[in-house]
Amino acid sequence: MTARRWRLAHGRYLDLGGKAVVVGILNVTPDSFSDGGLFDAPEKALVQARRMIGEGALVVDVGGESTRPGAAAVSASQEQARILPVIEALAGTKEVLISVDTYRADTARLAVAAGAHIVNDVWGLQREPDIARVAADTGAGLVIMHTGRDRQKLPDVIADQLEFLRKSLEIARQNGVADDQIVLDPGFGFAKETAEENLDLMARFSELHTLGLPLMAGTSRKRFIGTVTGRDAADRGVGTAATSVILRLKGADLFRVHDVAFNVDALALADAMLARQTDWARN
């Protein structure tokens, strides 16, 4: 794995490459696809955040609007009212890094001011390009995700990834975002409509290294895991951990998950095996 230092807001950073980084998903929403309504009150959200930190999450990703297909849109003010109290409360501890899951530039700026270190944009800067300026101005880490929604995709899964992400990277760089602030996410499940398309993306994941930037995997509880395993969304933690191991072996650095403990353990074994491979190669 390539060692890199990911530069974040508020003078923080995260070293990538040596060990897998688990990012805990914290949806403070009433309608997310597998945990909607469970953590939509700040006190419940904070209990869940502390549980994920205790299980080994180094980052908590706070989202205030569901991104599942067909979810009702919320206003910026609704989104901010949900997430900002949670971010402010989490910012009081130094043991975790905070990510905000938003595509809105105004929300991103307020979240970083409240203590967030990372902005995670599921529209890859292509819905509100000003979000790139927020990252440039604040020094926040920036996760740029691929999506196939609201556009015509190319038939080849990797060609479509590269076309979309190169456009996103152009937006980021033109707005002053440095490469050491950027992580890319191929957006499993986001308009990848079939299990086969998601499995093809997993099988060819290594091809994304041509972009030269760290990669995040977000397979957690996705429908394609249910198609393969027959499990309902809330019961896909083990299947998710299996995908995390596969993608770690293909070079993913960060793993955005609901079930932190499963993935921490599974990725520890993947990292141990990778370390042994490195030892063998040196000897």
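Per an unreviewed UniProt entry, the protein goes by the name Dihydropteroate synthase and belongs to Mesorhizobium cantuariense. Under the heading Pathway (unreviewed entry), UniProt records this for the protein: "Cofactor biosynthesis; tetrahydrofolate biosynthesis; 7,8-dihydrofolate from 2-amino-4-hydroxy-6-hydroxymethyl-7,8-dihydropteridine diphosphate and 4-aminobenzoate: step 1/2." The heading Function (unreviewed entry) in the UniProt record of the protein holds the text "Catalyzes the condensation of para-aminobenzoate (pABA) with 6-hydroxymethyl-7,8-dihydropterin diphosphate (DHPt-PP) to form 7,8-dihydropteroate (H2Pte), the immediate precursor of folate derivatives."

Turning to the packing of aromatic side chains, a few remarks are in order. Aromatic ring pairs: the centre-centre distance and the angle between the two ring planes describe each pair. Evaluation of the coordinates by the stated rule reveals 1 aromatic pair. Positioned above the aromatic ring of Y13 is the side chain of R5, whose terminal nitrogen or guanidinium carbon lies 3.6 Å from the ring centre.

A word on unusual backbone geometry. Even without being a glycine, H10 presents a positive backbone phi close to 60°. Inspection of the secondary structure assignment puts H10 in the loop between β1 (4-7) and β2 (13-16). Here D150, not a glycine, exhibits a phi torsion of approximately 60°, which is positive. With respect to the element layout, D150 can be found in the loop between β7 (141-145) and α5 (157-174). Residue classification places D150 among the exposed positions, given a relative accessible area of 73%.

Turning our attention to empty space enclosed by the protein. If a probe the size of a water molecule is rolled over the atoms, the empty space left behind becomes visible. Throughout the structure, instances matching the rule amount to 1 cavity of 30 Å³ or more. By volume, the largest cavity is sized at about 50 Å³. What lines the largest cavity is W6, V23, V59, D61, S99, I118, N120, V143, M216, L254 and R256. Residue assignment for the lining of the largest cavity shows that the elements contributing at least two residues are β4 (59-63), β6 (118-121) and β10 (254-257). Grouping the amino acids of the lining of the largest cavity by side-chain chemistry returns 7 nonpolar, 2 polar and 2 charged.

Here is what the cut-offs are and how they apply
- Residues numbered from 1 in each chain as written.
- Predicted model: local features only at pLDDT ≥ 70, side-chain atom pairs only at ≥ 80, totals over all residues.
- Heavy atoms only, no water.
- UniProt positions renumbered as here; feature names shortened; annotations may be inferred.
- Phe/Tyr/Trp six-rings, centres within 6.5 Å; stacked < 30°, edge-to-face > 60°.
- Lys NZ or Arg CZ within 6 Å of the ring centre and 35° of its normal.
- Helix = DSSP H or I, 4+ residues; strand = E, 2+ residues; numbered from the N terminus.
- Buried < 20%, exposed > 50% of the residue type's maximum accessible area, 1.4 Å probe, protein only.
- 1 Å grid on protein atoms, 1.4 Å probe; cavity = no way out; pocket = protein on both sides within 12 Å on 5 of 7 lines; lining within 4 Å.
- Points joined across faces, edges and corners; volume = space filled by probe spheres on them.
- Nonpolar A, V, L, I, M, F, W, Y, C, P; charged D, E, K, R; others polar.

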